[in-house]
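Each chain, written out:
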Amino acid sequence: MVNCFHAADILVPQKISLRKWACVACDQYSSQPEYWERVRDFVGEEPSTYHMIFPEAFLNTMPRQERIDSIHKHMEEYLSSGIFRNFRRSFLYVERTMGDGRVRHGLIGQLDLEEYDFTPGSAAHIRATEGTVQERIPPRVEILRDAALEFPHVLLLCDDRRDEIMSSARETDGEIVYDFDLMEHGGHIRGKVISGLGVSLVNAAISRYIQATEASQPAGNAMSFVVGDGNHSLASLKACWDQLKPTLTEEERINHPGRFALVELENIHDEAIRFEPIHRLLRHVEEEEFLSALQPKLRPEGHPIVLITKAGRKTVYLDQEESPLAVAVLQPFLDDYLRTHPCTIDYIHGEDALTALAQEDHSLGILLEGMDKKALFPGVLKSGVLPRKTFSMGEAHEKRFYLEGKRRR
């Protein structure tokens, strides 16, 4: 049995405004720079994870090297200023309350990148859920390579039907290290540190879970965890480790901080976890030309998708004989179309945001239905990774906020 999820040395800031410190994942609101402008104005010059990320909404408008240098400078400043408490060899149990009252439960720890592989068809204990776009990795590696710290927005999922892992964490005593409202309608978050004997109790539950999954899966194809969110961020950390590893001795590789990635583990059976669709937005597109190209994929009945423009909405149906998932029919078509047409694509969370953006001239929104979260583990185990951007764990404001960190060196 391989235990690939462990306690970590976790950094949590203290004596600062945590509401200003924590901000949502950098790949959210990528077509809504006004969101990030509000965050920038709200945070100002106070300590914030905003100063240590590169929001994707600004990738084409902000001087790249200047921003990366600023990220690394802020990390060093925060480390030297003493704002962090270091909880050694600990877990953090997290309760995230959404705006509608749902409470999502999580466990912060570190995964072993040696046991993770994003390659389609991998038999690793930790696997990606979506296809990795290789072009998205080098820019992230550029930021991570010389970074002193890392802050996770990766959500790791387990298929713990008995909920033993979260129950053991929830029932273990520990200090409440943060309890505050998140910015921009992110809800509320509360974190409890688990150390000492509590770590042993949680480790025992993790071990029982891994043993049970290994016993129920085909020999040589045991999969304990999948990446629910942050696939490309974790793939970038893996790429950094693969570059670093050859420069280390065998002894140095065993416990080097770069070998491990800080993540939040959640149970896919948590009632608060919802899989939301990720919609597509095409810009610089001609609607009639697009519909003509899409026609061979359409049927009188099948997977419904809604096309949105400023002229209104139109429902069409994709061929369900081609795949049980609409996105598995649509995404390969879009990839081919983008290669031969001068339009661009973005991936949008939320119907309202998509509808608003689709009102622009020569824009077309594609509204998709969500997938059943119970199909995730069987689907990855049987078929490998799903098409990229198949699902989202909640709306954009419900994504993981950067908060806890760990050293990278």
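Above this note sits the structure.
I will try to describe carefully the structure that is included in this document. It should be emphasised that the depicted structure is a prediction, and the values quoted were computed from it without experimental measurement. (Residues numbered from 1 in each chain as written. Predicted model: local features only at pLDDT ≥ 70, side-chain atom pairs only at ≥ 80, totals over all residues. Heavy atoms only, no water.)

The subject of this paragraph is the overall build of the chain. Per the secondary structure count, the chain includes twelve helices and 22 strands. Over its C-alpha trace the chain gives a radius of gyration of 21 Å, about what one expects of a compact globule, namely 22 Å for 409 residues. Its C-alpha atoms give the chain principal-axis dimensions of roughly 65 × 50 × 45 Å. Looking at the chain residue by residue over its 409 residues, the buried ones come to 57%. Taking the intrachain contacts of the chain between residues at least 6 apart in sequence as the baseline, contacts between residues at least 24 apart amount to 77%. In the chain, the 48 positive side-chain charges and the 64 negative ones have mean positions that sit 3 Å from each other. (Helix = DSSP H or I, 4+ residues; strand = E, 2+ residues; numbered from the N terminus. Rg over C-alpha atoms; globule rule 2.2 N^0.38 Å. Buried < 20%, exposed > 50% of the residue type's maximum accessible area, 1.4 Å probe, protein only. Contact = heavy atoms within 4.5 Å. Lys, Arg positive; Asp, Glu negative; His and termini not counted. Charge placed at Lys NZ, Arg CZ, Asp CG, Glu CD.)

A separate point is the pairing of strand β17 (residues 312–318). Inspection of the sheet shows strand β16 (residues 298–309) paired to β17 by eight bridges, in the antiparallel sense. The partner of L307 across the bridge, within β17, is K314. Following β16, the chain reverses through two residues before pairing antiparallel with β17. (Pairing = 2+ DSSP bridges.)

As a further point, take the environment of F5. With respect to the helices and strands, F5 occurs in strand β1 (residues 5–6). Expressed as a C-alpha distance, the spacing of F5 and F260, which sit 255 residues apart in the sequence, is 9.2 Å. Once residues within four sequence positions are removed from consideration, F5 is found in contact with F91, L107, I108, G109, Q110, L111, L156, I206, F225, V263 and L265.

Using the criterion set out here, one finds 31 salt bridges in the structure. For R409, the salt bridge goes to E76, with nearest N and O atoms at 2.7 Å. A residue pair is termed long-range when its members are at least 10 positions apart, and R409 in the segment after β22 (406–407) and E76 in helix α3 (residues 64–81) qualify at 333 residues. In this structure, E404 engages R400 in a salt bridge whose closest nitrogen and oxygen atoms are separated by 2.8 Å. Each of the two residues, E404 as well as R400, counts as buried. Bridged by salt links that share partners, the residues D100, R102, R274 and E398 form one connected network. (Salt bridge = Lys/Arg side-chain N within 4 Å of Asp/Glu carboxyl O.)

This part is about the pairing of strand β15 (residues 279–283). Counted residue by residue, β15 has five buried out of five residues, so it is predominantly covered. In terms of strand pairing, β15 meets strand β18 (residues 344–348) through five bridges, oriented antiparallel. In the sheet register, R280 faces β18, and the bridge partner there is Y347. Relative to strand β19 (residues 363–367), β15 runs antiparallel, the two being bridged by four bridges. Along β19, the bridge assignment pairs R283 with S363.

Read across the open sheet, the five strands follow the order β17-β16-β19-β15-β18; overall the sheet is antiparallel. The open sheet has two edge strands with one neighbour each: β17 and β18. Taken over all neighbouring pairs, the strand axes of this sheet differ in orientation by 30° on average, direction set aside. The sheet strands contacting helix α10 (residues 326–340) are β15, β16, β17, β18 and β19, and the helix crosses β15 at an angle near 20°. (Axes fitted to C-alpha atoms, helices over the stretch in contact; angles between N-to-C directions.)

Attention now moves to the nonpolar core. Core analysis: the largest hydrophobic core is formed by 54 residues, its most contacted members being L107 and F225. Here F225 is in contact with C4, F5, H125, I126, R127, L156, L157, C158, Y209, I210, L265 and F377, once residues within four sequence places are set aside. Core analysis: the second largest hydrophobic core is formed by 49 residues, L11, V94, A147 and M183 among them. (Core = buried A, V, L, I, M, F, W, Y, C linked by side-chain atoms within 4.5 Å.)

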